[in-house]
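Examining the three-dimensional arrangement
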Amino acid sequence: MSAASEFPRCTKAEVFARLAEGLAAGVTVVTPNRRLALAVKREFDDAQAGRGLAVWESADILPLTAFVERAYEDALYSEHADALPLLLTPVQEQALWENIIRGSAAGAALLAVPETARLAREAWQLVHAWQLLPRLRNFPLNEDGKAFYEWAQRYGRDTGREGLTDGARLFDLVAGWWPRAEIKKPISLIGYGFDLVTPQQMELFAKLKAAGCDIAFARPPARNGTAQRVAGTDSREEIKRAATWARARLEADGNARIAVVVPELAKHRAAIIRIFSATMAPDYALPGAAQRVPPFNVSLGAALTSWPLVDAACLALELAGREIDFERASRLIRSPFIAGADTELARRARFDAQLRKRAEPVVTLDRLIALIARDGASCPLLAQRLSALAEFRKTRLFGAQSPSTLAQAISGALGIVGFPGERGLDSAEYQTLRKWHEVVAGFAALDRVVPRTGYGEAVARLRRIAAETLFQPESPDVPIQILGVLEAAGMEFDHLWVMGLSDEAWPQSPRPNPFLPIELQRAVKLSQGSAAESLELARRLTDEWLACADEVVLSYPQREDDREFKPSPLIVDVPESTLSLPGYANYRDVVHLARAIETSTDSQAPPLDKTAALGGGTAVIRDHAACPFRAFARHRLGAESLQMPHTGLDAMERGTLVHRVLAQVWAQLKTRSALDAISVAGLEALLVQAAEEAVTRIRRDRPTTLSGRFAEIEKRRLVRLARAWLEYEKTRGGFTVVATEDKRHIEIGGVGFNARLDRVDELESGERIVIDYKTSAPAAGAMLGERPDEPQLPLYLICAEPAAAAVAFAQVKAGEMKFAALARDADLLPGVKAFAESYYRGRHDSWQELVNAWRADLTRIAAGFAGGEAEVDPKQYPNACRYCDVKPFCRIYERLETALDEDAA
């Protein structure tokens, strides 16, 4: 209902004149929100200073909710305090609603109890604010409405029995105490900036008036400013133009009051902060840049859990529980907010990179400690703190406890890990830490409604409380305010920009509460309870914007993704303008404008040091063949991407298991004749033993995955696969396995490295075959060409087994057992033709010519690597680059984009 319908109105000048009389005049000004109260107080102080005063009494200006809470606190210190119910905190209210819903028949099937409790609590607040309870009793309810009514009755009974009340009923409680003389009341109460007054608030004002207090309402005077409508290409461009406009207005007048109103502020908050920061101070994000206070402030805070310091605290508490996702544990290891973070900075980063190769997707504290111990003494401070945490949790964290006791234990656990770190906190971090302590204190106060809880549930609840707590560090007064739609009500500006006013976004969609009948919400004209009320609210706000500043700009995006927008019908009558704005170069443009281009060849590295130890084995040759820069980056600079722990076994691990099983089997059998002679039971025992030993070896790195039933399933798979392969091997002629997993030192083209041959067979006729096991489906053609995709077997042939008559991939794949090989003669392997008769015969005239080509090509590739060739030259773009992990290093896509631009020019 209208704020002026029952009470007199006064002007802002009259309000300030009455406040200037001092506290003796007994004038209190209440506002709808804290931001407006601060703005009015600041404007009053400026007016007093403008009168030449050096000292004046502070004006009593505060939000209406704070005024009511102050009256309640006055009553608590009166002689009637025993008759007052205790006020629940919002956290206690939420916990009590959750308990009631969980204990109800309707709540038994719910999966999201906290979210349901939040909506039920909102419905409870609306019922009291709009005095709907009498009508709700006799209103036809659907299933959700009946569930809420049952919960509300239980909530009312429980709080009444325990002598408790909440914020929704505090207005009614205080209104009933106004007649008492011991309750302090102002002589005059002025409501400033109220666009809408709920029936509950109106009753409060009426009873206060009946108790002898003068009530009046005031609003800022309307301004006859200019208004214009502006179209933006999309939301990002719209934000950029608003930021440019705000900077231009600020540079023109450093004392101007500037505001930007954003209907969907939560959605665009991150983009707004980024774009406004870059526009106001282009170098703001540079490492080492001075930390300056930006000239703008965003009214909407971010979830407390989004602040790194609080996130680190939650991660530490989660790690102390049963288990935690590896990525979350990794963030904690690298966090600057635990002990030793600066001292072990580089070592922890290296440890994390190694940990990713061995860890499971989910880890426990004990497993993490074991992995640190296995890595040696690289991070002793981390190991010490985590070990102490493991001991602490045994005695203090497990078992049902009261929230206050758990809050003390939680603080102790964080202290053990060294939270909030060893370096000094900046102002924002210090304020964040103080807010976190408030959240923990609020959790401790849950004893009244949650007698006992377990550690896991406590940490989950604490994280939820922090996630629902919006926080923004306090900052000095700044000239540019970025506000939500309701926060600008009652405020005055010199310049105002309202963005996002497209036909889809404004008016905003109605948001009726699902637990209250839609018809009832519509009947009482609940704000945003229906489309009609959303339209009416949007119309009132639009009119207020047009009257609250000397310059008003209303903008909308023309498109977003594949959707096109028009201006909202509520702003189509505002004249459209192109709005000429100055151009401000971003930091990238400034750097480019100051460029002095130097050209140098970057494809030649220093030659390989002959004494340097080279790791990587034959992958050096394979990588250089695929792209010289890839080989240089990986094997000389040590560049590699960070791996991600995976569930189960990946293809490489499964292939390793197969290699080990078959290597052990042939180490025992050695010959085809032994394979024929062994009994079925003997072969089965041999395969089972080999599978057991292979799984045991890899279990050291993957203890969680290769345990229990999964390990047994994997062993049976290995036995079945190896048995099928051995059956296929029986189709061959006689042979002897002369080497398995054979380590050789190979030198070619000035490069020396160690290699491991999976297997070398010798036939009865004396020919040798080099074999490499594959669990995929390889093609023999991958070994051919000047830059072969699979140079491993040709490399083994020319450097380790020059007399070999064939090189073969042994495809150990269920249902597709075969050899993919290149052979000098026919019938050396089942299904493999002589090279001169094969599909690839057109590549080379003879086997010897093929071997000579391999020797020449592989020598050239190795020599190129040794000589420092590092050109970005992928063999087959984009296939060669698709899974390459050094793309950010070589910037292949940027290079190609530049080349395409030059070609187009």
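Calculation rules
- Residues numbered from 1 in each chain as written.
- Predicted model: local features only at pLDDT ≥ 70, side-chain atom pairs only at ≥ 80, totals over all residues.
- Heavy atoms only, no water.
- Core = buried A, V, L, I, M, F, W, Y, C linked by side-chain atoms within 4.5 Å.
- Buried < 20%, exposed > 50% of the residue type's maximum accessible area, 1.4 Å probe, protein only.
- Contact = heavy atoms within 4.5 Å.
- Pairing = 2+ DSSP bridges.
- Helix = DSSP H or I, 4+ residues; strand = E, 2+ residues; numbered from the N terminus.
- Axes fitted to C-alpha atoms, helices over the stretch in contact; angles between N-to-C directions.
- Parallel < 35°, antiparallel > 145°, perpendicular 65-115°, else oblique.
- Left-handed = near helix turned anticlockwise from the far one by under 90°.
- Nonpolar A, V, L, I, M, F, W, Y, C, P; charged D, E, K, R; others polar.
- pLDDT = per-residue confidence, 0-100.
- Right-handed = clockwise from strand over helix to strand, strands pointing away.
- Phe/Tyr/Trp six-rings, centres within 6.5 Å; stacked < 30°, edge-to-face > 60°.
- Patch = residues over 30% accessible without salt bridge, like charges linked within 9 Å, V, L, I, M, F, W, Y side chains within 5 Å.
- Areas by Shrake-Rupley, 256 points an atom, 1.4 Å probe, with all protein chains shown as cover.
- Salt bridge = Lys/Arg side-chain N within 4 Å of Asp/Glu carboxyl O.

Core analysis: the biggest nonpolar cluster contains 88 residues, and Trp97, Phe148, Leu317, Phe419 and Trp436 have the highest contact counts within it. When residues no more than four places from it in sequence are discounted, the contact partners of Leu317 are Ile410, Ala413, Leu414, Trp436, Tyr455, Val459 and Leu462. Within the second largest apolar cluster, 43 residues are counted, among which are Leu657, Ala722, Ile769 and Leu829.

The 5 strands lie next to each other as S1-S7-S6-S2-S3, forming an open sheet whose pairing is parallel. Looking along the sheet, the strands with just one partner apiece sit at the ends: strand S1 (9-10) and strand S3 (60-63). Strands strand S2 (27-31), S3 and strand S6 (188-192) of the sheet are contacted by helix H3 (residues 64-76), whose axis makes an angle of about 105° with S3.

For the rest of this paragraph, the subject is unusual backbone geometry. The linkage connecting Phe419 with the following residue, Pro420, adopts the cis geometry, with an omega of 10°. Look at Lys670: it is not a glycine, yet its phi comes out positive at around 70°. The phi angle at Glu741 is positive, at roughly 45°, despite the residue not being glycine. Within the fold, Glu741 resides in strand S20 (residues 735-748). Exposure remark for Glu741: the relative accessible area of 25% places this residue in the partly exposed category.

A few words now on the side chain of Thr305. For Thr305, the location among the structural elements is in the loop between strand S11 (302-303) and helix H12 (308-319). Classification of Thr305 as buried rests on a relative accessible area of 15%. Contact partners of Thr305, with chain neighbours within four places excluded, come to Val310, Asp311, Cys314, Arg463, Ala466 and Ala467.

Moving on, we come to the packing of H3 against helix H8 (residues 167-177). In the contact formed by H3 and H8, the axes pass within 10 Å of each other and the chain directions differ by 55°. Classified by the angle between their axes, H3 and H8 sit oblique to one another. Relative to H8, H3 is oriented so that their crossing is left-handed. Of the residues in H8, those touching H3 at Leu64, Thr65, Val68, Glu69, Ala71, Tyr72 and Ala75 are Leu170, Phe171, Leu173, Val174 and Trp177. For the contact of H3 with H8, the per-class residue count stands at 10 nonpolar, 1 polar and 1 charged.

Moving on: the confidence of the model for the protein. Of all residues in the protein, 97% attain a pLDDT of 70 or more, and the chain-wide mean is 90. The low-confidence segment residues 898-905, where pLDDT is below 50, has 0 contacts with residues more than four positions distant or belonging to other chains.

Right, let's talk about the pairing of strand S16 (residues 493-498) for a bit. Buried residues dominate S16, accounting for 6 of its 6 residues. Sheet topology note: the strand S9 (residues 258-261)/S16 ladder contains 4 bridges and is parallel. Bridge pairing in S16 links Val260 to Trp497.

Right, let's talk about the pairing of S2 for a bit. In terms of burial, S2 is largely enclosed, as 5 of its 5 residues are buried. Side chains of S2 alternate between two faces, with Val27, Val29 and Thr31 and Thr28 and Val30 buried alike. Where S2 lies against S6, 4 bridges are found, and the strand directions are parallel. In the sheet register, Thr28 faces S6, and the bridge partner there is Leu189. Of the pairings in the sheet, the one linking S2 to S3 comprises 4 bridges and is parallel in character. Following the sheet pairing, Val30 is matched in S3 by Leu62. Following the backbone out of S2, through helix H2 (residues 34-50) and into the adjacent parallel S3, one traces a crossover that is right-handed.

Another point: the environment of Ala206. Here Ala206 lies in helix H9 (residues 199-210). Sequence separation of Ala206 and Arg121 is 85 residues, and the distance between their C-alpha atoms is 26 Å.

Throughout the structure, instances matching the rule amount to 26 aromatic pairs. Here Trp725 and Phe819 contribute two aromatic rings whose centre-to-centre distance is 5.2 Å and whose plane-to-plane angle is 70°, an arrangement assigned as edge-to-face. Within this pair, whereas Trp725 is found in helix H28 (residues 708-729), its partner Phe819 is found in strand S24 (residues 818-823), the two being separated by 94 residues in sequence. Neither residue differs from the other here; Trp725 and Phe819 are each classed as buried.

Right, let's talk about a nonpolar patch on the surface for a bit. Where nonpolar side chains cluster on the molecular surface, the patch consists of Leu286, Tyr587 and Val591 and spans about 230 Å² of accessible area. Along the chain, Val591 turns up in helix H22 (residues 587-593). For Val591, a relative accessible area of 43% corresponds to the partly exposed category.

So, about the sheet that holds strand S22 (residues 768-774). Ordered by their spatial adjacency, 5 strands build an open sheet running S20-S21-S22-S23-S24, and the pairing between neighbours is mixed. With one partner strand each, in any of the chains shown, S20 and S24 form the two edges of the open sheet. Taken pair by pair, the neighbouring strands of this sheet meet at an average axis angle of 35°, ignoring direction. In this structure, strand S21 (residues 751-763) lies alongside S22, joined through 4 bridges in antiparallel fashion. When the sheet's bridge partners are listed, Glu762 is paired in S22 with Arg768.

Each pair of packed helices gets described by two things: the angle between the helix axes and the distance between those axes. Where helix H17 (residues 403-416) contacts helix H18 (residues 427-444), the axes come no closer than 7 Å and their chain directions differ by 150°. Here H18 runs roughly antiparallel to H17, going by the angle between their axes. Contacts between H17 and H18 involve Pro403, Ser404, Leu406, Ala407, Ser411 and Leu414 on the former and, on the latter, Trp436, Val440, Phe443 and Ala444. Classifying every residue of the contact of H17 with H18 gives 8 nonpolar, 2 polar and no charged.

Moving on, we get to the pattern of salt bridges. Under the criterion given, the structure shown has 64 salt bridges. The shortest N-O distance in the salt bridge between Glu692 and Lys715 comes to 2.6 Å. Of this pair, Glu692 sits in helix H27 (residues 680-699) while Lys715 sits in helix H28, and the two are 23 residues apart along the sequence. What makes Glu692 partly exposed here is its relative accessible area of 31%. A cluster of three or more residues bridged by salt bridges with shared partners is formed by Lys12, Glu43, Arg223, Arg257, Glu492, Asp494 and Asp550.

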